[in-house]
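# A closer look at the structure
One letter stands for each residue in the lines below.
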Number of protein chains: 6
Amino acid sequence: MRLSGRSADALRPVRLEVGFARYAEGSCLSCFGETQVLCTASVEEKVPSWLRGGGKGWVTAEYGMLPRATHTRTPREAARGGQSGRTQEIQRLIGRSLRAVTDLRALGEIQIRLDCDVLQADGGTRTAAITGAYVALYQALAGLHHQNRLARIPLREPVAAVSCGIVDGEALLDLDYSEDSNAQADANFVLTGSGGIVEIQSTAETEPVSQEQFDALRALASKGIAELVEAQKVALGLLRSDR
Amino acid sequence: MRLSGRSADALRPVRLEVGFARYAEGSCLSCFGETQVLCTASVEEKVPSWLRGGGKGWVTAEYGMLPRATHTRTPREAARGGQSGRTQEIQRLIGRSLRAVTDLRALGEIQIRLDCDVLQADGGTRTAAITGAYVALYQALAGLHHQNRLARIPLREPVAAVSCGIVDGEALLDLDYSEDSNAQADANFVLTGSGGIVEIQSTAETEPVSQEQFDALRALASKGIAELVEAQKVALGLLRSDR
Amino acid sequence: MRLSGRSADALRPVRLEVGFARYAEGSCLSCFGETQVLCTASVEEKVPSWLRGGGKGWVTAEYGMLPRATHTRTPREAARGGQSGRTQEIQRLIGRSLRAVTDLRALGEIQIRLDCDVLQADGGTRTAAITGAYVALYQALAGLHHQNRLARIPLREPVAAVSCGIVDGEALLDLDYSEDSNAQADANFVLTGSGGIVEIQSTAETEPVSQEQFDALRALASKGIAELVEAQKVALGLLRSDR
Amino acid sequence: MRLSGRSADALRPVRLEVGFARYAEGSCLSCFGETQVLCTASVEEKVPSWLRGGGKGWVTAEYGMLPRATHTRTPREAARGGQSGRTQEIQRLIGRSLRAVTDLRALGEIQIRLDCDVLQADGGTRTAAITGAYVALYQALAGLHHQNRLARIPLREPVAAVSCGIVDGEALLDLDYSEDSNAQADANFVLTGSGGIVEIQSTAETEPVSQEQFDALRALASKGIAELVEAQKVALGLLRSDR
Amino acid sequence: MRLSGRSADALRPVRLEVGFARYAEGSCLSCFGETQVLCTASVEEKVPSWLRGGGKGWVTAEYGMLPRATHTRTPREAARGGQSGRTQEIQRLIGRSLRAVTDLRALGEIQIRLDCDVLQADGGTRTAAITGAYVALYQALAGLHHQNRLARIPLREPVAAVSCGIVDGEALLDLDYSEDSNAQADANFVLTGSGGIVEIQSTAETEPVSQEQFDALRALASKGIAELVEAQKVALGLLRSDR
Amino acid sequence: MRLSGRSADALRPVRLEVGFARYAEGSCLSCFGETQVLCTASVEEKVPSWLRGGGKGWVTAEYGMLPRATHTRTPREAARGGQSGRTQEIQRLIGRSLRAVTDLRALGEIQIRLDCDVLQADGGTRTAAITGAYVALYQALAGLHHQNRLARIPLREPVAAVSCGIVDGEALLDLDYSEDSNAQADANFVLTGSGGIVEIQSTAETEPVSQEQFDALRALASKGIAELVEAQKVALGLLRSDR
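What comes next concerns the included structure.

How each quantity is defined
- Sequence order as written defines the numbering, with residues in each chain counted from 1.
- Whichever chain is written first becomes A and whichever ligand is written first becomes 1, with later ones labelled in order.
- Local features in a predicted model are, by the rule used here, given only for residues with pLDDT of at least 70; side-chain atom pairs are given and counted only at 80 or more, and totals for whole chains, interfaces and linings are based on all residues.
- Each side-chain value is derived from all of the structure's non-hydrogen atoms; neither hydrogens nor water enter the calculation.
- Helix and strand definitions follow DSSP, with helices as H or I runs of at least four residues and strands as E runs of at least two, each counted in order from the N terminus.
- Atoms considered for the radius of gyration are the C-alpha atoms alone. The globule rule reads 2.2 Å times the number of residues to the power 0.38.
- Three exposure classes are used, based on accessible area relative to the maximum for each residue type with a 1.4 Å probe and protein chains only: buried under 20%, partly exposed in between, and exposed over 50%.
- Note on contacts: a residue pair qualifies if any of its non-hydrogen atoms lie within 4.5 Å across the two residues.
- Here the open area of atoms and residues is found with the Shrake-Rupley method and a 1.4 Å probe, where only the protein chains shown may cover a residue.
- Any helix carries an expected span of 1.5 Å times its number of residues minus one.
- Using a 1.4 Å probe, buried area is obtained as the accessible area two parts lose upon being combined, added over both of them.
- Put simply, a salt bridge is a Lys or Arg side-chain nitrogen that is within 4 Å of an Asp or Glu carboxyl oxygen.
- Pairs of N or O atoms within 3.5 Å make up the polar contacts considered here, provided that, within protein, one atom can donate a hydrogen while the other can accept it, and that residues adjacent in sequence are counted only when both atoms are side-chain atoms.
- Amino acids are sorted into nonpolar (Ala, Val, Leu, Ile, Met, Phe, Trp, Tyr, Cys and Pro), charged (Asp, Glu, Lys and Arg) and polar (every other residue, Gly among them).
- What sets the superposition is a least-squares fit of C-alpha atoms, and only residues with pLDDT of at least 70 in both copies go into it.

Here the focus is the overall build of chain A. Secondary structure summary: chain A contains six helices and nine strands in total. Here chain A has a C-alpha radius of gyration of 18 Å; the compact-globule value for 243 residues is 18 Å, and the two agree. Seen through its C-alpha atoms, chain A measures out along the principal axes to roughly 55 × 45 × 30 Å. Residues classed as buried in chain A amount to 61% of the 243 residues present. Taking the contacts inside chain A whose residues are at least 6 apart along the sequence as the reference set, 69% of them involve residues at least 24 apart. Looking at chain A as shown, the accessible area adds up to about 9300 Å², and 47% of this sits on carbon and sulfur atoms.

Let us now look at helix 4 (residues 125-146) of chain D. All names here are of chain D. With 22 residues, helix 4 extends 31 Å between its outermost C-alpha atoms, agreeing within 8% with the 32 Å of an ideal straight helix rising 1.5 Å per residue. With 17 of 22 residues buried, helix 4 lies mostly within the body of the structure. Residue Asn148 follows helix 4 closely and has a positive phi angle near 65°.

The next subject is the interface of chain C and chain B. Taken residue by residue, the interface counts 29 residues in chain C and 29 residues in chain B. At the boundary of chain C with chain B, total buried surface from both sides reaches about 2500 Å², with 42% on carbon and sulfur atoms. Between the two partners, chain C and chain B, sit four salt bridges. For B:Asp215, the salt bridge goes to C:Arg218, with nearest N and O atoms at 2.8 Å. On the surface where chain C and chain B come into contact, there are 18 residue pairs in polar contact (both at pLDDT 80 or more). Elements represented by at least two residues in the side of chain C that touches chain B include exactly helix 2 (85-99), strand 9 (197-204) and helix 6 (211-235) of chain C. Counting residues per element, the side of chain C that touches chain B draws most heavily on strand 9 of chain C, which supplies eight residues.

Right, let's talk about the interface of chain B and chain A for a bit. Frequently, the measure chosen for interface size is the accessible area removed from exposure when the parts meet. The interface is formed by 36 residues belonging to chain B together with 36 residues belonging to chain A. Sorting the residues of chain B by area buried against chain A places B:Tyr23, B:Arg68 and B:Arg76 first, and these three jointly supply 30% of that buried surface. The tally of links from chain B across to chain A stands at 14 salt bridges. A salt bridge links A:Glu34 to B:Arg22; the nearest nitrogen and oxygen atoms lie 3.2 Å apart. Linking chain B with chain A are 20 residue pairs in polar contact (both at pLDDT 80 or more), by the criterion used here. If you list the elements that add at least two residues to the side of chain B that touches chain A, you get strand 3 (35-44), strand 4 (58-65), helix 1 (77-80) and strand 5 (111-120) of chain B. No other element matches strand 5 of chain B, which puts six residues into the side of chain B that touches chain A. The residue makeup of the side of chain B that touches chain A, split by class, is 14 nonpolar, nine polar and 13 charged.

Once chain B has been moved 0.0 Å along the axis and rotated by 180°, it coincides with chain A to within an RMSD of 0.0 Å. In symmetry terms, the pair is related by a two-fold rotation axis. Nearest to the rotation axis, the C-alpha of B:Ala78 is located 1.9 Å from it, this being the minimum over chain B. In this assembly, 100% of the residues forming the interface of chain B have copies in chain A that are likewise at the interface, indicating an isologous arrangement.

In structure tokens, the structure reads:
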């Protein structure tokens, strides 16, 4: 039994609030337990210069964290003069993950910029960001479709993300901060609704993971992602919640 | 009558949510109409090097804005590589304003760092920030007092801020974004609960302000600040709300 | 009586040398007592990109200080890698103040860049800068008019600036460095020749200012500005000096 | 058959030259086909400040690329003013990978800094860097042991890395630049000599990877890593080459 | 005959005003014709960290240029975010030149920081800077000697600098801006009072210089430096002027 | 006799490997004893903006050093956030030196970018860089001529560089690191094949150089450059080696 009372294969309570930000074309407050990430999608008429004239669109992401999202204060990146390597690594991951399910040609020469800002951090901020960014992106693209600027919503299938890890020798789903701090290894899985692998990032913190352990993490992730994709559909009104 | 239906001397609906951030020693979500600023107070054991060993404390502030707090997206400062002049100007103002009511000697060698992050921007972000930062600061200092780390709460009196401006020849209190964009001049007043002037920043946008117009702005500000100080006391449980 | 022997409402000796810089289109060495600021105006054919094609001009300012302008050496901003928040705040103030009296439409698509560099600092550098920048701007615009590039000099009225403060409970005009260091509060006033308010920046250093004290500062400022505007006119040859 | 004539499960010719750099405590020129990475290990007496006094050591890495290592010139990072997100991501990966096999407590308060500089780039630079960095690290630690500064070589087992990818539907080992550019997905595996998983980074470029495809990549990686670990041992003189 | 009426081997009118800056320990306004450089010497109690405890002092220099020192405006380095390569090259040259005549051991653990700021630029700013910096340094060190903080003035002999160049095939001394712009080659000579070579920087702009031409430049420089050293002595009151 | 057994007027063993880098249009590994500099020449279709449309080309250079090229590790410039003053000074020197022998008009609107990266540093890195950069530039331009993009190779004559210095009172050619560290003065000479002076940079480290000493250094440099120019010709296949 985990400190929180969750079973090894249980997600934290997930809440996806669509339209949380008043001015953005798409938005979602994505909460995995105490972790809260505000995801917005901004529609821009201009694609990056290396894409211009090619008829294709682009999806990109930026990530940030409020200084006091964390248990002790983290220095503000703007004040320090730039984004850390960790921040850049996470925002590149978010961008790649969302592009993997977007039909960029069907999008046309439009750029969607996803901003994922962590209001509160209790582990799993990047997975909450990806899961919420999909909802914000969907809302923005549905808006363009509704305005007849797109013939259809250019998304091939949903994408969501979850973390898993080995703590005290046991494979656990969706680590919170205190579990993550004690993990022997953790892994982030970004999977599509149909189970396709978009990204796997598995990292040993204190000792390498065996092939069997890794397979246990994969199985947990598949279960978790299925639940997250259902939550996304419910949030977007594409599915009625059973709960 | 203003677009919003407010009278010239009316504040927007004000909401001050104490304890909004789970991990900070003090926090307040400060809402002036659609403007929302999350203010947190972090207690640090270390004062800046030029103060060390002198027995005095320090209060400082940082200000930021989520990229999509605004009607159209504003580039992220961390990604651009630093804080703009405007951001630095605002955070220096917030810090000075709060230090003006803090007894730094009674605080002792402790630093309180105030983070004011704009979640949604509809005009008056710096005034909402100062008003909310006072609440967050009070909560953090009350906590230190409660833990017997301070003999009393080292605040001399409340401080709050409000903007005023001349729009279409008329003096208005607490401008929203669309009023601010059309103002001939605007002014930010930072006043204490007893009416003392902490800061005045009056700026002509399109033409200078007459001495009479300026006096009208001062009168509006005094009325607004009295209401804001009352709201702070209610939020902190120091006063029962009449409403 | 002040240390310098000045009365409370007296300016320091003011000297405005027009044409001090050999190569600039306009220039003025502006001296308020020991404070010396070299102001130059450079005419540029190109306005900022967001103004292009609109038929309007622009006036902007930059501020700097020689490292040994001050009693003890101040680190060079170029060597530290950028301008401090204080520098940016001052140069934004100078730019706004001069734009407030310039008819940007009559200027046409020309940019005037004002550089205000402090050669010696004894308090009041921003007010000496604004007062001198007006003279440099006038000289540059008069030159364009003389070359028939402008039908008239596109300035509506003069603008000048002065500081005031409360020292030992008394309101004083035009603080020098040692008075400024001991002030309870100080305020910078930017006023036009006809008494219009362009900017007021009033800041409490150690305790808030009462409404009466503030009115005393305003009265001092009005007197000081009238004298500075006269000095500007004499320097520009628009008025014969009585002295 | 691949363009290069290699079979799907064949590494490129691997060459690990120990002691390539004259002045470093450890070094290895690591070549995977045309890819050449110079890895050096520098012994430093000082650990990062957050580790001081704790009796533990540290291993960290930096990564760079000569501007003309690539087919067309890449702008120099030092001239552009900083390291790109990609560079930081890679150097963090190298550092984590090597720390995973180092007994930091047995190392004591010493820091080993690994510099991995790409002289020529034809795909797989990060995997060649990790594989070579292990050799450089081993040489540096063996030197400390030889000087009696360490009781033993504080490495638990070897670590090496290889890339795999799906190209034209087929799983291939150790992609070169032209294969990598056409891959549907690629994955970098960092494994220990005993088969433990240190890092997996699997990324879909154009479409998600199925669970079966991922298992095929894993199998290729295991084969490749076994060969690389043997090459490391031969290079370090711990094993006689059969070839 | 040169445009200015000078003969090929004549300096421009030289003016060295000692004590120009009110607050610095040493200062000199150094004018070579229209070129004006304000040089100040600041005494600091702290030497760079790599010198501490060794009993030796240090002399270092910084160089800057007011934006409108030049015929057309030059962007401000602090606003651009750093010093250009040219600026750094010049300030390193000034520092080396002055250290070459200073007895750093006799100076003791004191640092003298020389700031050379160009108020007006008409060619030869680095040579005017070195020549004036020597005067400012002498004044600062004489002050320390006068206060009994130094047993003697720790300077071995004077140092001065001058430029020469080949223009229209002729060797000329002390080029102004228009001559410099048309030079085939130019050279800066930093020599001591006794004729020792501290620095030579000879640069071909459009075609290489023959060995004979270079010797002609050397002869001009020797003549010019002798006159500059005399002007330094007169300015410092060590010699009575004949003129 | 020098530590290395060389006579005072002897170069270290020189090795110039043409075509060392596989992907660059021109390249040369330039070795002066233990000093190794990899020089590449990249052909770019675009000249700097201030040259566009003028029919002239440009040659520019960048310089870098691997962190562990040196006896003790030097911090990586990209990680520190920019190029040092020394690096900029050297790369400006390399660029000027190569432009001095290039007929930029005959080159036409093409830019050649020379990258000189030090793999191993034992003194004289800038002179090895210039000498090798000439070979890389020649190879790149010969390639353009061979492709009929240039009517001839637009180089007027060879250029090479060597250092000399005064060590223990004796003038020595081509200093290695240990000699350089003990030199009273050193000088870098950049001369053409016909003996023309492109650059001289002579710097006194501990005491000024007499005119006679300087002439001795010049004579050594002339001898050394003649040998380097011959080595360049042999490397480029323009001359048969006698050795």
